Amino acid sequence: MSKFRKILSVILCVCMVFSMCAIGASAEKENDAATVSGKETLAELDFDVPVVFIEGIGGEFFSGGSTPDESDDKQIWGPSADVIVDVIFKNIGKLLWLLLINDYDEISVLMGEVTDALFGEFSCDENGVPSLDTYKNGERDYELLEGRNGFDNSYYFLYDWRLDMKTIAAQLDEYIDYVMELTSSDKVALVAMSMGNCVLTTYLYEYYYTAEDYAERNHIDAVVYLAGAMNGVAACEDPFSGNISVDSVSLMRFLKEVLNGNGLYKFLEVLYVLGAFDPIVNYVDNLTQELLAHGFNDAVGSNLATIPGFYALMGTERYEEAKAYFFDTAEKQQKYAKLIEKNDYYHYSVQANGVNMIQSLLDDGINTMIIAQYGYTMAPLTSDNDRMSDGVIMTERESYGATCADVDGTLGDNYKQAKECVCGKNHVSPDNQIDASTCAFPDITWFIKNAHHSEDDDLLSDFIDLAIYGDEQMTVWTYEDYPQFLLAADEDTLVPLTSENAGEVVAFEDAIFTAEIKAKFKDLF
């Protein structure tokens, strides 16, 4: 009898495995057959819950908020052009002299004075709390929006992103209650963009994942992570931790995107081909390394390094490096103890449980979507400027672990999917730049090529609404018009990415219009 039970158990286990594979295989067939239209399905859905949109970093900040008179309020972020020009003219002479005599200690001191002049009022105190006299411009939506619910009719949650994430999450909770009361809804859908995902993950941790009363409240209907910064942003974490590298190729690649290949860019490209860029870039890179080694941490430690929001934009490894860089003495660690405590909370309670929270959402039947974007280079001020991104955040971070080619490269001609699925699903992009099989949640993670880091209602509204209002969890296999890999054909058109419309991936050195000229100069010299 015992032997029979063992055999029966094995048979049942095998049946379960094959049944799970059959579900995946069915989804794959559905995708291959391309029979289900997302746009047709959208017309049949009930837009029954309001959407709260959690914006990313940005906005203007002012001082003067402690008085009712706004006439004397001053913009402190970003600094006005007049302020910047004034600071430059006041310090340029001294800076040039110090550069001439290579006095890096004094340059660091001067940089501290400059950053304090530009950002002193914007910064926080030693506890990570901004001045009550400062405020962010803009207002949240506190009136019932006309028309149906949906992503293009979201209630915007604006916040002071300088604050620690736990404080902002508490403000979000109050706002969510207000929106539900305003709309007479007992549920809400949450969509976060960029840094808003740091707020979102903190909110989920506090008011869902660890909340003892969530089962009773049960107010979250759907969650969408859009181009999320919840796992760190290289353009923030690398400079703050002293990991900066400047090189000619990444700088030119960045300028090509920023200047859109215009006449000025072509002139700069000629200089690059002639080798005029290399000495300048090498000097800047060497100067950067010298400043990082000569007290630059003290120079910005009293202003920008006091802002908790910046630390939320770091991965844990770089965060620890930044903490060691700025708070490098026992005296500093004691002075900034509360700031460090707030930052540690985010990294070791919230960020560390990011994957666990998404799995919990799925287990609880809460529609969940992760959208990553790619096809652009980052600002060339990181430790590795070749990494794939949407122009701001690395695609690998946005997607919870995709394997990505360099921004102007591919995974290789003989590349094979890193994690083979027994169901035969393909998670490698048609342009061979992304392998989604290594994502934490490959079946609910989408990638949009040529979508720059932005919140575009026209491009994404239908796509996101399908995920929010669908009766079941949407996957990359559900709809023919929304497979795993998509292309932003223009500012309001999203189409499936194919080998035909993906475009050729060409390395920067081979794509420059002066490539032939460069080859001739090599022949001459």
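Owing to the predicted nature of the structure, the values given are computational and were not obtained by experimental measurement. (Residues numbered from 1 in each chain as written. Predicted model: local features only at pLDDT ≥ 70, side-chain atom pairs only at ≥ 80, totals over all residues. Heavy atoms only, no water.)

Undergrad: Which parts of the structure should I look at to understand the sheet that holds strand E12 (residues 485-490)?
TA: Picture the strands of a sheet paired through backbone hydrogen bonds; they go either parallel or antiparallel. Ordered by their spatial adjacency, eight strands build an open sheet running E5-E1-E6-E7-E8-E11-E12-E13, and the pairing between neighbours is mixed. Because the sheet does not close on itself, it has two edges, and the strands there are strand E5 (155-157) and strand E13 (493-496). Across the sheet, the axes of successive neighbouring strands diverge by a mean angle of 25°, strand direction being ignored. Relative to strand E8 (residues 367-374), strand E7 (residues 220-226) runs parallel, the two sharing five bridges. Note on E8: the bridge partner recorded for Tyr-225 is Ile-370. Along the sheet, helix H17 (residues 354-363) contacts E7 and E8; its crossing angle with E8, the most-contacted strand, is approximately 135°. Against the sheet, helix H19 (residues 457-469) makes contact with strand E1 (51-54), E5, strand E6 (188-193), E7, E8, strand E11 (445-449), E12 and E13, and its axis sits at roughly 150° relative to E8, the strand it touches most. (Pairing = 2+ DSSP bridges. Helix = DSSP H or I, 4+ residues; strand = E, 2+ residues; numbered from the N terminus. Axes fitted to C-alpha atoms, helices over the stretch in contact; angles between N-to-C directions. Contact = heavy atoms within 4.5 Å.)

Undergrad: Would you mind going over the pairing of E11 with me for this structure?
TA: Looking along a regular strand, one sees side chains alternate from face to face of the sheet. Extensive coverage of E11 is indicated by the burial of five of its five residues. Residues Thr-445, Phe-447 and Lys-449 point to one face of E11 and Trp-446 and Ile-448 to the other, with burial holding for every one of them. One ladder, built from five bridges, connects E8 with E11; its direction is parallel. Residue pairing across strands places Ala-372 opposite Phe-447, the latter belonging to E11. Here three bridges tie E11 to E12, and the two strands are oriented parallel to one another. Within the sheet, the bridge partner assigned to Ile-448 lies in E12 and is Leu-486. (Buried < 20%, exposed > 50% of the residue type's maximum accessible area, 1.4 Å probe, protein only.)

Undergrad: Honestly, a nonpolar patch on the surface in this entry has me stumped. Any pointers?
TA: Taken together, Ile-84, Ile-88, Ile-92 and Leu-96 make up a surface patch of nonpolar side chains, about 330 Å² in accessible area. Relative to the assigned elements, Leu-96 resides in helix H3 (residues 81-100). (Patch = residues over 30% accessible without salt bridge, like charges linked within 9 Å, V, L, I, M, F, W, Y side chains within 5 Å. Areas by Shrake-Rupley, 256 points an atom, 1.4 Å probe, with all protein chains shown as cover. Salt bridge = Lys/Arg side-chain N within 4 Å of Asp/Glu carboxyl O.)

Undergrad: What should I look at first to understand unusual backbone geometry in this one?
TA: Glycine aside, a negative phi is what most residues show, and trans is what most peptide bonds show. In this chain, Trp-77 is followed by Gly-78 through a cis amide linkage whose omega measures -15°. Relative to the assigned elements, Gly-78 resides in the loop between strand E3 (74-77) and H3. A positive phi angle, near 55°, is found at Ser-184, a position not held by glycine. Looking at the secondary structure, you find Ser-184 in the loop between helix H5 (165-183) and E6.

Undergrad: Mind showing me how you'd approach the environment of Asn-303 here?
TA: One can find Asn-303 in the loop between helix H12 (296-301) and helix H13 (308-312). For the pair formed by Asn-303 and Glu-121, sequence separation is 182 residues and the distance between their alpha carbons is 8.5 Å.

Undergrad: Looking at this structure, how should I read the packing of aromatic side chains?
TA: On inspection of all chains with the given rule, the structure shows 31 aromatic pairs. Seen in terms of ring centroids, Phe-157 and Tyr-175 are 5.7 Å apart; in terms of plane orientation they differ by 40°. Their pairing is tilted. Residue Phe-157 is found in strand E5, and its partner Tyr-175 is found in helix H5; the two are separated by 18 residues along the sequence. With a relative accessible area of 1%, Tyr-175 lands in the buried category. Aromatic side chains Tyr-203 and Tyr-207 sit 4.9 Å apart centroid to centroid with 25° between the ring planes, which places their arrangement in the stacked category. Separated by four residues within a single helix, Tyr-203 and Tyr-207 lie in helix H6 (residues 196-209), roughly one turn from each other. Above the ring of Tyr-159, the side-chain terminus of Lys-136 is found at 5.5 Å from the ring centroid. (Phe/Tyr/Trp six-rings, centres within 6.5 Å; stacked < 30°, edge-to-face > 60°. Lys NZ or Arg CZ within 6 Å of the ring centre and 35° of its normal.)

Undergrad: I keep staring at the state of the cysteines and nothing clicks. Help me out?
TA: Here a disulfide denotes a covalent bond joining the sulfur atom of one cysteine to the sulfur atom of another. Tallied over the entire structure, the rule returns zero disulfides. Free of any disulfide, Cys-198 has its nearest cysteine sulfur in Cys-236, 9.5 Å distant. Since its relative accessible area comes to 0%, Cys-198 is described here as buried. No disulfide involves Cys-404; its sulfur sits 7.8 Å from the nearest other cysteine sulfur, which is in Cys-439. You can call Cys-404 partly exposed: its relative accessible area is 23%. (Disulfide = S-S within 2.5 Å.)

Undergrad: For this particular structure, what's the right way to read the sheet that holds E3?
TA: Taken together, three strands build an open sheet; the order of strands is E3-E2-E4 and the sheet is antiparallel. Two strands lie at the open edges of the sheet, namely E3 and strand E4 (134-136), each paired on one side alone. The sheet shows a mean angle of 35° between the axes of neighbouring strands, taken without regard to direction. Where strand E2 (residues 61-63) meets E4, three bridges bridge the pair, whose relative direction is antiparallel. Residue pairing across strands places Phe-62 opposite Tyr-135, the latter belonging to E4.

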